[in-house]
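Tertiary structure, described
Listed below, chain by chain, are the residues.
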Amino acid sequence: FKSSRELSNLALSLNDRLGDKDGFSGVSFLCWTFIRPWTDLYAVGRKEYVNAYHMGLLAGDHENAAWNIYLRLLVGWYTGEPLGKLEADFYTYLDQMRELGQTQ
């Protein structure tokens, strides 16, 4: 697990150092969805998903942005975030995803 965490840290830091705004959302999604849950608490990734969502929108990477915000909401549910807040966030992001054609 230590090696996978180090590799995900390397991928995220390379993304930052190279200034790859186009790939940030996808790399962040992969790291926080498939690697980091084994080494970090789910709650740690909530803000990372939101950050990757916004970066994906800015880069025009709407598909990865949608995946990031979906996982952000799912992790909120898993970690016991109040349902009223999750519902409000869900409808906010749903409207944005509809506008971008990412609801299929």
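This text follows the structure it describes.
Let me sum up the structure you'll find in this document. (Residues numbered from 1 in each chain as written. Predicted model: local features only at pLDDT ≥ 70, side-chain atom pairs only at ≥ 80, totals over all residues. Heavy atoms only, no water.)

It is worth spelling out the nonpolar core at this point. Membership of the largest hydrophobic core is limited to eight residues, which are Tyr53, Ala65, Ala66, Ile69, Leu73, Leu86, Tyr93 and Met97. Contributions of two or more residues to this core are made by α4 (62–78) and α5 (83–99). Examining the composition of this core, we find that four residues originate from one element, α4, more than from any other. Counting residues in each nonpolar core, the second largest holds seven residues, with Leu12, Cys31, Leu71 and Val75 among its members. (Core = buried A, V, L, I, M, F, W, Y, C linked by side-chain atoms within 4.5 Å. Buried < 20%, exposed > 50% of the residue type's maximum accessible area, 1.4 Å probe, protein only. Helix = DSSP H or I, 4+ residues; strand = E, 2+ residues; numbered from the N terminus.)

With 15 residues, helix α2 (residues 21–35) should cover 21 Å at 1.5 Å per step; its first-to-last C-alpha distance of 21 Å lies within 8% of that length. Among all positions in α2, only Gly23, Phe24, Ser25, Gly26, Ser28, Phe29, Cys31, Trp32 and Thr33 are buried. (Expected span 1.5 Å × (residues − 1).)

Moving on to helix α1 (residues 2–18). With 17 residues, α1 extends 24 Å from end C-alpha to end C-alpha; this agrees with the ideal 24 Å at 1.5 Å per step. Listing the buried residues of α1 in full gives Ser8, Leu12 and Asn15. The arc that holds every buried residue of α1, seen down its axis, measures 55 degrees, which confines them to one face. Residues Lys2, Ser3, Leu7, Arg17 and Leu18 are exposed on α1 and point more than 90 degrees away from its buried face. Considering only its buried residues, α1 is in contact with α2. One or two positions beyond α1, positive phi appears at Gly19, with a value near 65 degrees. (Arc of directions from axis to C-beta. Contact = heavy atoms within 4.5 Å.)

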